[in-house]
Amino acid sequence: MTVRLNTTYISGALADQLSHITEYPITAIVAPMGYGKTRAVDWWAERCRKEMPDAVILRQVIVTDSLTDLWQGFCRNLRSWPELKTEMKELGFPTAPQSREVMLELLCDALEAGKQEVFYILDDLHFLPNPDFTALLLFLGQRLPDGIHLVLLSRNMIFDQADRLRLGARLWEMNTDDLRLSETGIRAYARGSGLHLGQDAAAHLAKTTEGWFSMVYLNLKTYQQQGRWPEDSAGIYPLIDETLLRPLPQRQQVFLIRLGVPDDFTVEAAAYLWPDGDAAALLHSLTAQNAFITCTDGVYRYHNMLRSCARKKYALLPEAEQNATLARLGAWYERTGECCLAAECYEKAGRWDDLLRTVGQDRGLSLGPERLPLMRRWMANCPEECQLRHPRALLVFMLLLFYGRDIPEMRRYHALFQRSMALCTDLSRRERDQLEGEALLRLSFLCFNDISAMSAYHRQIRALIPADRNPWTQGSPSVLMLYHSKSGGLDRENAEMRECMPIYSRVASGHGSGAATIMQAETEFMRGNLTDADILCRQAEEQALEVGEYSIYTAAAFLSARLALYEQPLRSGFPLLDRAADTLRRAHQYRLLTTVELGRGWLSALLGQPEQLPAWLTAEGASMAQVFPLIEPVFQVIVGRALLAQGQWAQAAARMPRLLRACTAARFALCGVYAHLQNAVALMHLGKETAARQALCEAWSLAQPDGILLPFAESDPCLDRLLDELAEGEVQEHLHTLAARFRAGREATQQEDNLLARYGLTERELEIAGLAAQRKSSREIAEILNISVKSVNNRLNAVYEKMGLGGEGRNKRQALAKLIKNS
């Protein structure tokens, strides 16, 4: 009888454990290397396909500690859903809670439409011990709808005790004890493979291997080949060498060793690495006789232990042969768009020109800030004469160095870039203009928020490489917070913006369109000129949407939401932010959803509604990972406002020195005003009036040269007496008027919130109810909100039902108006 030890054996008990995978949103299988986690899940997946032919089973093996690599692999797996794949690529790895919500929404829309059971298998999670990844898995485990399942395999613990309690009955767990082969299991496995094993031998094997499947397999393989048990069962790598490598013909050994270099491969990749024409036949032969090589969905993988052994053998090959294999593998990765993998192969092979060519062609799209240490290693080891041949790669290096705030090194690389451009005489005029334009744009970042200095670089740009760029606002909900840099210079800064921005937007395909208008709108708002602010804000929104400049559109939505507090009749600002978020989702502008959340956080804090604050914004040590580094002072000012809304006076005061230093270093003058003002509020509540008066005076002295009043009108009433000591005449009168309008708007909003809570109305229903109470007709409401009359009537009927209002239409509207007025 032929012995086939790569036959899969699953005990009845293990099969029963695996059968529960279909019942749980998330399954975690945790066991040391070699216990057969992947083998067991492969068996389950094959059985699942037979029992549930419509089920979709996707698999991803994690091979690096990079979230970028993880996300790229996830997106590749979505090839059967091309629209979802595009959306996920544009979303990027969802670090922020709101982007996780978007991810879930996109998944549900795409996958529930097919009404299929979907299983996503993630193997080797231990290679990515990242808290953001764990947070995502926990979120999905808690929120995945019926029919979508995660199956997680790891050598190390995935969820701690607290996480397991949060997941509760949604989590199915399996461990080493579930996978371990018993004495009976060893005999059954041997018998099913065509090998007779006596009871004593099975007992000996169970004792010496402790049911470790890989060791059981290797012992049986040795017994099959040599008719004896291995002399030393403690060393698994020598046993792999003795059992799986040395018995092979020399040519097959070389093939197996060479294919151990990549983490996984297809038949096509194998044929590229082994161009002798028989790669497919060799793969078939080796897979049939080696349980440590598996093929799933056309992708071959070595077990980690076999791969380690093969790579040790590979390291003993002549250096020239090693480098040739690495160069060929790098070329394969380059052909298939795997920039980072290609570059790492070229680095190991010493093929620096190939590495830099790949980096330049990628334009840094695969190389986010987390790759900066890797890039530094390349820059340190690559000969300068080689770097000079690749100006595109030097531009990528410059950008990453800026992300890392290594400005001296960035300037050095710009000098290197200039030398490179002088040497590269084969570039066309257009290529030269584009590359030089990109370099000038990167240099302009060094003058960030010095409008004229940035424009001096922009005016020299003749062309730019067409590309998706970061949001012009860097994710800030306010342009004025970024570009008001000097007390007393606001009018000059607005004039510079009007002069300079059209020059940049013209060469950058509309990037930043509407920025000058929204900055002027915010200026008027800060000065209390609300009508002018409203007009300019609407113009900025129109200018931005005309060219798809969604970061400026988002800033306009934030200003509109703030202006709504001052309108008569009052409008809630939150529906305006909701509408902006919907627009951003439709345009796949997912990065800006964090900006909307920052605006929502500011508005919630402003209205004294701490329960409405985004949870991630108020978590202890609120994470800057959610936002672009350049806007840290803006982010911290919003966090400070949230702390005040929560009554965290001491915490708000304690963080002020660091925040003020950050505002000064970044030259964010308006952020400085808010920081001093927040400090004054916190100190006043702590009973430190003298220090509070000093902080308020600092804020006032920064704001008054530019006529900025609104931050003071929207401040805590505890400062009213101190403000009256500072403001005089018309300024004091204007300040009182603004403060009264703000407080009336806030009180009315709180009344609306009472309605929301008491009757369970949605924001949209409340908005329609408020307009109906003002005796607006359904047609007028439809025109105001840009929705159909039918939608208005449907929502009104829902309002009447929730609020218990009966009778004829006119009577119901009168009752509604009375109820809203008295609430």
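Here, every reference points to the structure presented above.
We now turn to the structure provided with this report. What you see is a predicted model, and the numbers here were worked out from it, not measured in a lab.

### A few points about the nonpolar core
It is characteristic of soluble globular proteins that their nonpolar side chains tend to be buried jointly. Grouped together as the largest cluster of nonpolar side chains are 244 residues, with contacts concentrated most on M88, F133, Y483, I518 and F712. The leading source of residues in this core is helix α37 (residues 669–685), at eleven residues. When residues no more than four places from it in sequence are discounted, the contact partners of I518 are V479, C537, A540, I552, A555, A556 and L559. Core analysis: the second largest hydrophobic core is formed by 23 residues, L14, I21, A45 and M174 among them.

### Focus: helix α34 (residues 632–645)
Between the first and last C-alpha of α34 there are 20 Å, a value that for 14 residues agrees with the 20 Å anticipated at 1.5 Å per step. Among the 14 residues of α34, twelve are classified as buried, and the element is accordingly described as predominantly covered. Those residues of α34 that fall on the buried side of the exposure criterion are P633, V634, F635, Q636, V637, I638, V639, G640, R641, A642, L643 and L644. Lining the buried residues of α34 we find α26 (480–483), α32 (593–606), α33 (615–618), α35 (649–654), α36 (656–666) and α37.

### Section: the packing of α37 against helix α38 (residues 689–703)
Axis separation between α37 and α38 bottoms out at 8 Å; the angle between their running directions is 160 degrees. In terms of orientation, α37 lies roughly antiparallel with respect to α38. In terms of crossing hand, the pair formed by α37 and α38 is left-handed. Residues G672, V673, H676, L677, N679, A680, L683 and M684 of α37 form the contact with α38, whose own contacting residues are E689, A691, A692, A695, L696, E698, A699, L702 and A703. Taken together, the residues of the contact of α37 with α38 break down into twelve nonpolar, three polar and two charged.

### Thoughts on the pairing of strand β1 (residues 26–30)
Burial of β1 is extensive: four of the five residues sit out of reach of the surface. As paired strands, β1 and strand β4 (residues 148–154) are joined by five bridges and run parallel to one another. For I29, the partnering residue across the bridge sits in β4 and is L153.

### Structural notes on the pattern of salt bridges
A side chain with one charge may pair with a side chain of the opposite charge, provided their charged atoms come close. Tallied over the entire structure, the rule returns 41 salt bridges. Salt-bridge contacts for R562 lead to E714; the nearest nitrogen and oxygen are separated by 3.1 Å. Taken as a pair, R562 in helix α30 (residues 550–563) and E714 in the loop between α39 (710–713) and α40 (720–726) lie far apart in primary sequence, 152 residues in all. Each member of the pair, R562 as well as E714, is classed as buried. For R600, the salt bridge identified is with E597, shortest N-O distance 3.3 Å. Here E597 and R600 lie together in helix α32, a separation of three residues that amounts to about one turn. E597 shares its class with R600; the two are buried.

### Observations concerning the packing of aromatic side chains
Tallied over the entire structure, the rule returns 23 aromatic pairs. Note on Y272 and W332: the rings are 5.5 Å apart at their centroids and 45 degrees apart in plane angle, and the pair reads as tilted. In this pair, Y272 is assigned in helix α14 (residues 267–273) and W332 in helix α17 (residues 319–335), connecting sequence segments 60 residues apart. Using a relative accessible area of 18% as the deciding quantity, one classes Y272 as buried.

### Concerning the environment of S285
Inspection of the secondary structure puts S285 in helix α15 (residues 279–289). Along the sequence, S285 and E321 sit 36 residues apart, while their C-alpha atoms lie 24 Å from each other.

### A closer look at the packing of helix α23 (residues 407–423) against helix α24 (residues 429–444)
Running from N to C, α23 and α24 cross one another at 165 degrees; their axes reach a closest spacing of 11 Å. It follows that α23 is roughly antiparallel to α24 by the angle criterion. The two elements α23 and α24 meet at a crossing, and its hand is left-handed. Each of M410, H414, F417 and M421 in α23 lies in contact with α24, whose residues at this interface are R432, L435, E436, A439, R442 and L443. Residues that form the contact of α23 with α24 fall into these classes: six nonpolar, one polar and three charged.

### Points about the side chain of S778
Its place among the elements puts S778 in helix α43 (residues 778–785). Leave out the neighbours within four places in its chain, and S778 touches V789, V792, N793, L796 and R813.

### Brief notes about empty space enclosed by the protein
What the rule picks out here adds up to three cavities of 30 Å³ or more. The computed volume of the largest cavity comes to approximately 250 Å³. What lines the largest cavity is a set of 22 residues, and nearest its centre among them are F74, M103, Y120, L140 and L150. If you list the elements that add at least two residues to the lining of the largest cavity, you get β2 (56–61), α3 (67–76), α5 (97–112), β3 (118–123), α6 (131–143) and β4. At four residues, the largest contribution of residues to the lining of the largest cavity is made by α6. Grouping the constituent residues of the lining of the largest cavity by class yields 20 nonpolar, two polar and no charged. A volume near 40 Å³ is recorded for the second largest cavity. Lining the second largest cavity we find V254, I257, R258, Y314, L317, E321 and T325. Breaking the lining of the second largest cavity down by element, the ones donating at least two residues are α13 (250–258) and α17. Sorting elements by how many residues they give to the lining of the second largest cavity places α13 first, with three residues. Classifying every residue of the lining of the second largest cavity gives four nonpolar, one polar and two charged.

### Thoughts on the sheet that holds strand β5 (residues 171–174)
With respect to topology, five strands assemble into an open sheet ordered β2-β3-β4-β1-β5, the strand pairing being parallel. Strands at the two margins of the open sheet, each flanked by one partner only, are β2 and β5. Adjacent strand axes in the sheet meet at a mean angle of 15 degrees, parallel and antiparallel pairs treated alike. Note: β2 against β3, six bridges, orientation parallel. Residue pairing in the sheet places L58 in a bridge with Y120 of β3. Those strands touched by helix α2 (residues 37–51) are β1, β2, β3 and β4, and its axis lies near 160 degrees from that of β2.

### Description of the environment of G185
Note on placement: G185 falls in helix α9 (residues 183–192). Along the backbone, G185 and G608 are 423 residues apart, and their C-alpha atoms lie at a distance of 65 Å.

### Description of the pairing of β3
Most of β3 sits inside the fold, with six of its six residues counted as buried. Residues V118, Y120 and L122 line one face of β3 and the alternating positions F119, I121 and D123 line the opposite face, and both faces are buried. Inspection of the sheet shows β3 paired to β4 by five bridges, in the parallel sense. Paired with V118 across the bridge in β4 is I148. Each parallel crossover has a hand, and the one from β3 via α6 to β4 is right-handed.

Calculation notes
Residues numbered from 1 in each chain as written. Predicted model: local features only at pLDDT ≥ 70, side-chain atom pairs only at ≥ 80, totals over all residues. Heavy atoms only, no water. Core = buried A, V, L, I, M, F, W, Y, C linked by side-chain atoms within 4.5 Å. Buried < 20%, exposed > 50% of the residue type's maximum accessible area, 1.4 Å probe, protein only. Helix = DSSP H or I, 4+ residues; strand = E, 2+ residues; numbered from the N terminus. Contact = heavy atoms within 4.5 Å. Expected span 1.5 Å × (residues − 1). Axes fitted to C-alpha atoms, helices over the stretch in contact; angles between N-to-C directions. Parallel < 35°, antiparallel > 145°, perpendicular 65-115°, else oblique. Left-handed = near helix turned anticlockwise from the far one by under 90°. Nonpolar A, V, L, I, M, F, W, Y, C, P; charged D, E, K, R; others polar. Pairing = 2+ DSSP bridges. Salt bridge = Lys/Arg side-chain N within 4 Å of Asp/Glu carboxyl O. Phe/Tyr/Trp six-rings, centres within 6.5 Å; stacked < 30°, edge-to-face > 60°. 1 Å grid on protein atoms, 1.4 Å probe; cavity = no way out; pocket = protein on both sides within 12 Å on 5 of 7 lines; lining within 4 Å. Points joined across faces, edges and corners; volume = space filled by probe spheres on them. Right-handed = clockwise from strand over helix to strand, strands pointing away.

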